[in-house]
Amino acid sequence: MLRIERKYGIFSKLDACSFVPNVFDKGNILSIVKDSFPHVTHVAGIATVFHPKEPLLNGIAPGAQVISCKIGDSRLGSMETGTGLTRVLITVVEVLMQTSDAELEMRGRCSAGQK
């Protein structure tokens, strides 16, 4: 869902626990992923914060889009698993391929004098 629709949710305002639903196997498998160590999300938010009216409050990469990949299993005390690492590597390759395709398409347009 996040890759396609760029959506996430929170369970409630009280707990503010964010999650991302992932759908696999043509809708037959639903995976709800939540962060087991929110410090990483906190740091990413600080680094990418964007304040157009107050640039001094910007992070070091204002407006950057961060991909968070969970390798730990909450059922195992957030210990990383081989399955988690494999999923992350697959995701990174997919994202890099999409990014490379978009970059190459843009370069082709620019070299052809298009915008």
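Summary of the structure given here. Note that the structure is a prediction, hence the values are computed from the model and not measured.

How each quantity is defined
Residues numbered from 1 in each chain as written. Predicted model: local features only at pLDDT ≥ 70, side-chain atom pairs only at ≥ 80, totals over all residues. Heavy atoms only, no water. Helix = DSSP H or I, 4+ residues; strand = E, 2+ residues; numbered from the N terminus. Contact = heavy atoms within 4.5 Å. Patch = residues over 30% accessible without salt bridge, like charges linked within 9 Å, V, L, I, M, F, W, Y side chains within 5 Å. Areas by Shrake-Rupley, 256 points an atom, 1.4 Å probe, with all protein chains shown as cover. Salt bridge = Lys/Arg side-chain N within 4 Å of Asp/Glu carboxyl O. Buried < 20%, exposed > 50% of the residue type's maximum accessible area, 1.4 Å probe, protein only. Pairing = 2+ DSSP bridges. Polar contact = N/O pair within 3.5 Å; in protein donor to acceptor, adjacent residues only side chain to side chain.

## Side note on the overall build of the protein chain
Within the protein chain, the regular secondary structure consists of three helices and five strands. Mapped in sequence order, the helices and strands of the protein chain form the string α-β-β-β-α-β-β-α. Within the protein chain, contacts between residues at least 6 apart in sequence are counted, and of these 10% link residues at least 24 apart.

## Some remarks on a nonpolar patch on the surface
A cluster of nonpolar residues, Phe 11, Val 23, Leu 30 and Ile 32, forms a patch on the protein surface that exposes about 400 Å² of accessible area. Note on placement: Leu 30 falls in strand S3 (residues 29-34). Residue classification places Leu 30 among the exposed residues on the basis of a relative accessible area of 58%.

## Here's the deal with the pairing of strand S2 (residues 18-24)
In the sheet, strand S1 (residues 9-10) pairs with S2 via two bridges, with the strands oriented antiparallel. Note that in S2 the partner of Gly 9 across the bridge is Phe 19. Looking at chain direction, S2 and S3 are connected through six bridges and run antiparallel. Bridging from a neighbouring strand, Val 23 pairs with Leu 30 of S3. The loop that links S2 with its antiparallel partner S3 comprises four residues; one of these, Asp 25, has a positive phi angle of about 50°.

## Points about the sheet that holds S2
One open sheet holds the three strands; their spatial order is S1-S2-S3, and the pairing between them is antiparallel. Two strands lie at the open edges of the sheet, namely S1 and S3, each paired on one side alone.

## Things to note about the environment of Thr 81
Within the fold, Thr 81 resides in the loop between strand S5 (79-80) and helix H3 (82-111). Along the primary structure Thr 81 and Ile 71 are separated by 10 residues, whereas in three dimensions their C-alpha atoms are 6.4 Å apart. From its side chain, Thr 81 meets the backbone nitrogen of Gly 84 in a polar contact 3.0 Å long.

## Describing the environment of Cys 69
Along the chain, Cys 69 falls in the loop between helix H2 (39-48) and strand S4 (72-73). Taking relative accessible area as the criterion, Cys 69 reaches 28% and is therefore assigned partly exposed. Linking Cys 69 and Leu 89, residues 20 residues apart in sequence, is a C-alpha distance of 9.2 Å. Those residues in contact with Cys 69, other than ones at most four positions away along the chain, are Val 88 and Thr 91.

## A look at the side chain of Thr 48
By the element assignment, Thr 48 lies in helix H2. Assessed through its relative accessible area of 17%, Thr 48 is described here as buried. Aside from chain neighbours lying at most four places away, what touches Thr 48 is Ala 61, Pro 62, Gly 63, Ala 64 and Val 66.

None of this, on its own, says anything about what the molecule does.
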